Each structure stands twice: as C-alpha cells, then as structure tokens.
Number of protein chains: 2
Amino acid sequence: MTLEEVARRAGVSPSTVSRILNGTARVREGKRKAVERAIADLDYHPNVMARGLAGGRSMSVGVITQDIASPFFNEALKGIEDSLARAGYAPLFVSGHWNASKETERMALLVARRVDGIIVLTGMIDDATLLTHAQRMPIVVTGRSLQGPGLFSISLANEQAGYDATRHLIELGHTRIAHIAGPEITADARDRLAGYRRALTEAGLPVDERLIAFGDFHETGGLLAINHLLESRLNFTGLFAANDQMAYGARLALYRKGIRVPEDVSLIGFDDLPSSLYTTPPLTSVRQPAYDLGKIAGEAMLRLIQGQPIPVTDLPLQIIVRESTLRRRG
Amino acid sequence: MTLEEVARRAGVSPSTVSRILNGTARVREGKRKAVERAIADLDYHPNVMARGLAGGRSMSVGVITQDIASPFFNEALKGIEDSLARAGYAPLFVSGHWNASKETERMALLVARRVDGIIVLTGMIDDATLLTHAQRMPIVVTGRSLQGPGLFSISLANEQAGYDATRHLIELGHTRIAHIAGPEITADARDRLAGYRRALTEAGLPVDERLIAFGDFHETGGLLAINHLLESRLNFTGLFAANDQMAYGARLALYRKGIRVPEDVSLIGFDDLPSSLYTTPPLTSVRQPAYDLGKIAGEAMLRLIQGQPIPVTDLPLQIIVRESTLRRRG
DNA sequence: CTGTTAGCGCTTTCAT
DNA sequence: ATGAAAGCGCTAACAG
C-alpha cells in the first residue's frame, strides 16, 4: 500500500493525499472524504522512512538514560513514551552507562538515525557539548539548569530537597545524622549533599565528615557505606541516603547487624521509587515525580520541535513520611 | 554529508561506496582505502532512513513488552538492547499494558514503522495472529512454545519451576503451603500454579483450594491476597508467590500482622529480581535469567533476519535460596 | 484549492 | 570490478 495507490483509488493526486495526511493545506470536503475512505479501505499506513527522507523528519526522538534498567529512569521513560506516542513520535532509548564517552558515542548514533530531537535524562555530557548539539536539533535535558536556543532544561530542587530530608530527621530529634551520598561527579548527588550540610549547619549541629560516605547510587553502595560506618564505630541515629536504592542496601546492612529501623536508626531515602511503598518498613523518602518528569520532558520536546513556547512547570519535590523514620527516643 | 560527497572525494562512484559500506561486492584495495579515508575525513554517517527506503530494511526491531517500567521486563530489554546494538540495530520499545487489543494496536504501529522484526516478550496476542505476522516478518516470542516459519519461540520451564519452588518448601518440612498465583489469563501464571499443584499431590499433601489466591503480578496483589487469606483465618507456614513483586507485597502484609519471615512463614518468590537480594530478609526465589533471555531473543532475531539457523539454547530456571525460607520448626 | 515536478540519500540491477 | 541509471514512498515548491 502506497500513497500513490490511495490517490488513484480516491481519484486525486498524491499531493492531495499528502496534504490531508499532514493537514498542510485546506482540501475540499468531497475529496477529503474520498481519500479517507480509500485509506480505510486499503488499510494504508504511511511509510515512516519515506516520510522522513522526504520531509527531513524521522518522527522519532532519542532518549539518553544512564541505565535503561534502573527503576527511577524507567518511570521517566514511561512518561516520555506516553507523551510522545500521542503525537505519533516514537522514542529511541539508549543507555549511557554512567560513562561520558559512551554517552557521546550513543548520542552520535542517535544523530545518525536522524532523530528529531534528543532528551537527555541526567546525563554526564558537559554543558558545552549539549549547547552545540542544540544548534542542530532540539534538546531537552533534565537534572541541570541550562539556557540556550533550542534547548530546554528541567531541573529539580535537589539542594532544597536534601535540606528538607535532613531537616525532617532533625525535627524528629536526631542530632547524629549520617549521609550516604551519590557519586561526586553527578550534580544531583552534590546538591543533595550540600542541602544536608546546610540543614545541619543552620540547626547549629556540627558536620562530622566521618559521617558522610559515598556510594554508587546502587544497593551495594548503600550496604558498603553502612558497613564502613559501623566498622568505624561511629554512632548515629539518623540516616539520609541520596537515593532509595542505596537506602535499601543500607537497610539490609543494618538488619544484618541487628540494628532496627526505625527504632534504632531512622532512615530516609530519595526518589520514592514505587517499591519503597513495600519495603519493611515502608520507606520515608523524598518523592521525585519521575513519571511526570518524563512526561513533561516529552511534551517540552514536542513543543520545541514545533517551535512553540514551553510553559514553565513546577516539579515539586516532597517528603513522603512512611514508617522508616521515628522520633528519637529518650 | 552524503554518500555522494564521499564518492566524489574518493574519486569513485556512489555505487562503489555503497558496496564498501555494505560489503556487497569485492572492491579493489586502493579504492577501498580511498573511500575509507573519505568517510573518516568527512565524518560521514549513512542516513538510516534513506537506507531503509532504498533497501527495504529499517535497521530497527520492535519490542513489545507489557510494562516498560516493570523490573523484570527491564532486565530483558537491557539484554535485547545489548545484543541488537552490536549489529547496528536499534530496538523500538512499546508497551502493551497487559491488554490484548492495545497490544495489537502497538503491533500495527511497529509494522507501520517498517521494523525488520518483532520481539514479543510474553505477550497476550494469540498464537494465530503471531503466526500470521511471521509470514511477513521475523518474530521472536518468549514465554510460549510455538513452531512456524519465520518464528522462533523461547519458553521457560514454568511448570517445572513452580514444582521446584513448592518442592523446596515441602523439603523444609512445610505442609500447609499457600500460593499467590498470577492472572489466570497468562500462561506463565497457569503453569506455575500447575507446578504447585503437582508438587503437593506428588508429596501426598492435599491441595486446599482456599490456600490459592490470585494477584495481578504487582505488589498490591500480593498484599491483598495475604490479607484475604489471613482474614479467612487459614493458617499456613509456607508461601509461594508467582513473582517477586507479589512476594514483596505479601511480605509487607505479614509484617503488618506481626508474622515473621522466615520464623513463622517461609516465603519464596519467582523472577529473582535484582532487588530481591536486598529485601529484609533477602528473598529466596526462582531465578529467571531475564537479561539472558533478552540477549538470546535479540540474537535469535538477528539470525532470523539474516536467514541463519538458530542454535538451541537452554535457559535453566534455578532456585536461589536466601533467607526468607527456613526449616519448619517443631 | 489541486496537480505536476523535483528531489530526499541510498541500494540495486544492468551494462561494460 | 565498477559506473550509470532507475527507483524506494513521500513531501514540498511551483504553477495554475
């Protein structure tokens, strides 16, 4: 089934069919009807590649994640898929594996595929490279605030959220609060750590550097960090992990040592992954609206492609209090 | 940068460049060198769409999952991405949302995008439809065993694994074993349930239908199922959940009632999600090699496209014993 | 409003 | 072994 056959069957020219398909120009009602019937009769679906070649658009947008199998990114991907699908665009997912050079390579792959735009979910690529790419095609990037033509960034208030999380523990009476930070190279991790420091300082509490451990944003990282803290015989009653996965690992490490959550240690995570509702005990966490983030990124991309202005949307981070944090005893 | 410019720069015809790019024919060493230099100098990347239009191949394969954000599917997607990327193919992911009609619709979308093949991860589409599609393009389907030209299926021994899981509990001395099954419409769920029944029967234990609850393969389903069982005042010391997510929900429900795992109830899941290593206690589960499954599916697709024979590979399901199951006391 | 005419960048006969 | 030429299916000026 080709557009030409549709045209023949409807008794019009190919251009007319194209116009109707794309809404490029007004067409007389009669012809439109005829074409629509022909399309239905023939079960015609435009060839996306031919369209792309001729029109210069591929109807696909590239999405760079760090790890396609990470629960946090996944929620975002779902949001992206949903928003893009509505406009007939298909997402092309690639993983950067937390590696700047691999990420650059994947980006080249997307460019070769002539994607109409690229959404970068918390990438490691530097700002300058991004800005350069933005000159050739629309870019939406999350996790940093960047200004530039053809580029839209969605940043979340990580510092403030890190502050709030720590503050939550302080308000529960905790004074010895440890922090498992994420990799120092990621801006998110640095901001959350900065928030932690500010909350402590503002409350007049000392910042004990030995209470700060670094993890890899995975469960193992949390586990190792806690084991390390415990071996150093440092005590603490509050613990703020820079993401939920590390909180899970930390929780297991505590369980192994017979330290109870929340009775002995209050634990707060970050991300509020869907699974955090079902840990034992259910985890208190800073909710990052991952799905919404993806959806907004997708919609922004669509607007960018069409040259429309993008409305500013607020993505509030909020603390979801569950059962892993408790007022300090005594 | 187009192929023509490369040809001009290398002093050859476009066809020659094309031949070198695709390895379609032997080309004299001198010209090949010249072309390769031109490609490097110009940083040329073939236009995938033009290629697709002319050659009839899109260098992309469609992947239908039920839920792009489910941890199990995700591991598989990662495997698919890895195997496909090596051959220059890109996966196009779509979600069927456990809904047969939506799945059919998504399939049509993939066909319209002229994918070179479709991988169906445990879909709900009926066998006949799949066989029909297989006549037009390569299909790889997991979770069922189906024979046909242009079609390759990878099935896992779900019944046997269900049997093994139940058997594990029986061997630990449990006689009252409950089962949280998945949706009856899915073959996986039915098979696991059948294995559960067989293990009980073979061991001479009665199959108490009241001890079988159905869930939706999500955490909520497990939680609800256990609440239901508990309200009916049925007692049991062993529990087999048809997937890990439902096991998580069940574990929380038990925690809420003050029933300890594994001291009071031994719990075994299915899938062995990465996160099951970090639950409290770490979950005993039947390991489904999701990543390998994806990888094998991707490789099979590549072979199918190239008309090569597909080697039979065995995907063993095995029980990973952790700390959520224990010998029955007393 | 609508048809005609060029391509988009590449692959693939068909000659040579 | 290699070049010339004819499309793949569609969009986008350009004329009416």
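Parameters and conventions
- Residue numbers here run from 1 along each chain, matching the order of that chain's written sequence.
- Both sets of labels track the order of writing: A upward for chains, 1 upward for ligands.
- Confidence filtering applies because this is a predicted model: local features only for residues at pLDDT of at least 70, side-chain atom pairs given and counted only at 80 or more, and all residues used for totals across whole chains, interfaces and linings.
- Calculation of side-chain values draws on the structure's entire complement of heavy atoms; hydrogens and water are dropped beforehand.
- For helices, the axis comes from a line fit to the C-alpha atoms of the stretch in contact; other axes are also lines fit to C-alpha atoms, and the angle between any two N-to-C directions lies between 0 and 180 degrees.
- Each helix is a run of H or I in the DSSP string that is no shorter than four residues. Each strand is a run of E no shorter than two, and both are numbered from the N terminus.
- Reported orientations rely on four angle classes, namely roughly parallel under 35 degrees, roughly antiparallel over 145, roughly perpendicular from 65 to 115, and oblique for the rest.
- Note on convention: the crossing is left-handed when the near helix lies turned anticlockwise from the far helix by less than a right angle, right-handed when the turn is clockwise.
- Whether two residues are in contact is decided by their heavy atoms, any of which lying within 4.5 Å being enough.
- Residue polarity is assigned by list, with Asp, Glu, Lys and Arg as charged and Ala, Val, Leu, Ile, Met, Phe, Trp, Tyr, Cys and Pro as nonpolar; anything else, Gly included, falls into the polar class.
- Copy-to-copy superposition: least squares on the C-alpha atoms, limited to residues that have pLDDT of at least 70 in both copies.
- UniProt positions are given in the numbering used here, feature names are shortened, and annotations may be inferred rather than shown by experiment.
- Two strands are counted as paired when DSSP detects at least two bridges linking them.
- Relative accessibility decides the category of a residue: with a 1.4 Å probe and only protein chains considered, values under 20% of the type maximum give buried, values over 50% give exposed, and everything between is partly exposed.
- Each residue is tested against the molecule or strand, and it is near if at least one of its non-hydrogen atoms lies within 4 Å.
- Counted as a polar contact is a pair of N or O atoms within 3.5 Å, where, for protein atoms, one must be capable of donating a hydrogen and the other of accepting one, and residues adjacent in sequence contribute only when both atoms are in side chains.
- The working definition used for a salt bridge is a side-chain nitrogen of Lys or Arg within 4 Å of a carboxyl oxygen of Asp or Glu.
- For a helix, the expected span equals 1.5 Å multiplied by the residue count minus one.
- This arc is built from the directions going out from the helix axis to the C-beta atoms.
- These domain limits were set by an automatic method or by a database of domain assignments.
- The buried area of a pairing is the accessible area, by a 1.4 Å probe, that goes missing from both parts when the two are put together, added over both.

Chain A has the name Transcriptional regulator in an unreviewed UniProt entry, where Hyalangium minutum is given as its organism.

1. Observations concerning the packing of helix 1 (residues 3-10) of chain B against helix 3 (residues 29-42) of chain B
Residues and elements named next belong to chain B. Between helix 1 and helix 3, the shortest axis-to-axis distance is 9 Å and the interhelical angle comes to 125°. By the criterion of interaxial angle, the relationship of helix 1 to helix 3 is oblique. Of the two elements, helix 1 crosses helix 3, and the hand of that crossing is right-handed. Across from Glu5, Val6, Arg9 and Ala10 in helix 1, the residues of helix 3 making contact are Ala34, Val35, Ala38, Ile39, Asp41 and Leu42. In terms of residue class, the contact of helix 1 with helix 3 is built from seven nonpolar, no polar and three charged.

2. Concerning the relation of the copies chain A and chain B
Overlaying chain A on chain B yields an RMSD of 0.1 Å, the required transformation being a rotation through 180° with an accompanying axial translation of 0.1 Å. In short, the pair behaves as if placed about a two-fold rotation axis. Distance from the rotation axis, computed per C-alpha, reaches its smallest value in chain A at Met49 of chain A: 2.5 Å.

3. As for the UniProt feature "domain: HTH lacI-type" (unreviewed entry) in chain A
Following the UniProt record, the feature "domain: HTH lacI-type" (unreviewed entry) maps to residues 1-55 of chain A here. The span residues 1-55 of chain A is 71% helical and 0% strand by assignment, and the distance between its end C-alpha atoms comes to 19 Å.

4. Describing the sheet that holds strand 5 (residues 151-154) of chain A
Residues and elements named next belong to chain A. Across the sheet, five strands lie side by side as 2-1-3-4-5; this open sheet has parallel pairing. A single partner strand is all that each edge strand has here, and the edge strands are strand 2 (90-95) and strand 5. Each strand axis lies, on average, 15° off the axis of its neighbour in the sheet, ignoring direction. By the bridge criterion, four bridges tie strand 4 (residues 139-142) to strand 5 in an arrangement that is parallel. Bridging across to strand 5, Ile139 finds its partner in Leu151.

5. A short note on the environment of Asp164 of chain B
Residues and elements named next belong to chain B. Its location among the elements puts Asp164 in helix 8 (residues 158-171). Judged by its relative accessible area of 27%, Asp164 is partly exposed. Along the sequence, Asp164 and Arg198 sit 34 residues apart, while their C-alpha atoms lie 9.9 Å from each other.

6. Some remarks on the protein's contact with DNA strand D
Close to DNA strand D lie 24 residues, the nearest being Leu3 and Tyr44 of chain A together with Thr16, Arg19 and Arg28 of chain B. Close to the protein, within 4 Å, the atoms of DNA strand D belong to sugar or phosphate groups at a rate of 65%. At 2.6 Å, a side-chain N or O of Thr16 of chain B approaches a phosphate oxygen of DNA strand D. In terms of residue class, the surface near DNA strand D is made up of nine nonpolar, nine polar and six charged.

7. So, the packing of helix 5 (residues 71-86) of chain A against helix 12 (residues 290-305) of chain A
Residue and element names in this part refer to chain A. The geometry of helix 5 relative to helix 12 is characterised by a closest axis approach of 6 Å and an angle of 35° between their N-to-C directions. Judged by the sense of rotation from one axis to the other, the crossing of helix 5 with helix 12 is right-handed. Along the contact surface, helix 5 presents Phe72, Glu75, Ala76, Lys78, Gly79, Ile80, Asp82, Ser83, Leu84 and Arg86, while helix 12 presents Ala290, Tyr291, Leu293, Gly294, Lys295, Gly298, Glu299 and Leu302. Across the contact of helix 5 with helix 12, the residue classes break down as eight nonpolar, four polar and six charged.

8. Regarding the pattern of salt bridges
Residues and elements named next belong to chain B. Applying the stated criterion to the full structure yields 36 salt bridges over all chains. The partner of Arg144 in a salt bridge is Asp127, and the shortest N-O contact between them spans 2.5 Å. Taken together, the positions of Arg144 in the loop between strand 4 (139-142) and strand 5 (151-154) and Asp127 in helix 7 (residues 127-134) put the pair 17 residues apart, joining distant regions of the chain. Here Arg144 falls in the buried class, since its relative accessible area comes to 14%. Between Arg167 and Glu171 there is a salt bridge, and its shortest N-O distance comes to 3.2 Å.

9. Describing the protein's contact with DNA strand C
Looking at DNA strand C, there are 24 residues lining it, with Ser15, Arg19 and Arg28 of chain A together with Leu3 and Tyr44 of chain B nearest. Counting only atoms of DNA strand C within 4 Å of the protein, the sugar-phosphate share comes to 64%. The side chain of Thr16 of chain A places a nitrogen or oxygen atom 2.6 Å from a phosphate oxygen of DNA strand C. For DNA strand C, a phosphate oxygen lies 2.6 Å from a polar atom in the backbone of Arg28 of chain A. Every element with two or more residues in the surface near DNA strand C is listed here: helix 2 (14-22) and helix 4 (48-55) of chain A together with helix 2 (14-22) and helix 4 (48-55) of chain B. Here the residues of the surface near DNA strand C sort into nine nonpolar, nine polar and six charged.

10. Remarks on the side chain of Ser266 of chain A
All names here are of chain A. With respect to the secondary-structure elements, Ser266 resides in strand 9 (residues 266-271). Judged by its relative accessible area of 0%, Ser266 is buried. Setting aside residues up to four positions removed in sequence, Ser266 forms contacts with Leu169, His174, Thr237, Gly238, Leu239, Ser324, Thr325 and Leu326.

11. A closer look at helix 3 of chain B
Residues and elements named next belong to chain B. Relative to the 20 Å expected for 14 residues at 1.5 Å per residue, helix 3 spans 20 Å between its end C-alpha atoms, a close match to the ideal helical length. For helix 3, the set of buried residues is Val35, Ala38, Ile39 and Leu42. What you see down the axis of helix 3 is that its buried residues fit within an arc of 100°, all on one side. Away from its buried face by more than 90 degrees, helix 3 exposes Lys33, Arg37 and Ala40. Contact partners of the buried residues in helix 3: helix 1 and helix 2.

12. Regarding the domain arrangement of chain A
With domains assigned, chain A is organised as domain 1 (3-46), domain 2 (59-156 + 290-315) and domain 3 (158-287). One C-alpha centre belongs to domain 1 of chain A, the other to domain 2 of chain A; they are set 34 Å apart.

13. As for the interface of chain A and chain B
Chain A puts 49 residues into the contact, and the matching count from chain B is 49 residues. Note on chain A versus chain B: buried area summed over both sides is about 4200 Å², and carbon and sulfur give 60% of it. Of all residues in chain A, Met49, Arg113 and Tyr278 of chain A bury the most surface against chain B, accounting for 19% of the area lost on that side. The interface formed by chain A and chain B contains four salt bridges. Broken down by secondary-structure element, the contributors of at least two residues to the side of chain A that touches chain B are helix 4, helix 5, strand 2, helix 6 (100-112), helix 10 (219-231) and helix 11 (244-256) of chain A.

14. Let's talk about the sheet that holds strand 4 of chain B
All names here are of chain B. Taken in spatial order, the five strands line up as 2-1-3-4-5 in an open sheet, and their pairing is parallel. Only two strands of the sheet have a single neighbouring strand rather than two, namely strand 2 (90-95) and strand 5. With strand direction ignored, the average angle separating the axes of adjacent strands in the sheet is 15°. Examined bridge by bridge, strand 1 (residues 60-65) and strand 3 (residues 118-121) share three bridges and lie parallel to one another. Considered in strand 3, the bridge of Gly62 is made with Ile118. Strands in contact with helix 7 are strand 3, strand 4 and strand 5; relative to strand 4, the strand with the most contacts, it is inclined by about 155°. Packed on one face of the sheet, helix 12 (residues 290-305) meets strand 1, strand 3, strand 4 and strand 5 and runs near 160° to strand 4.

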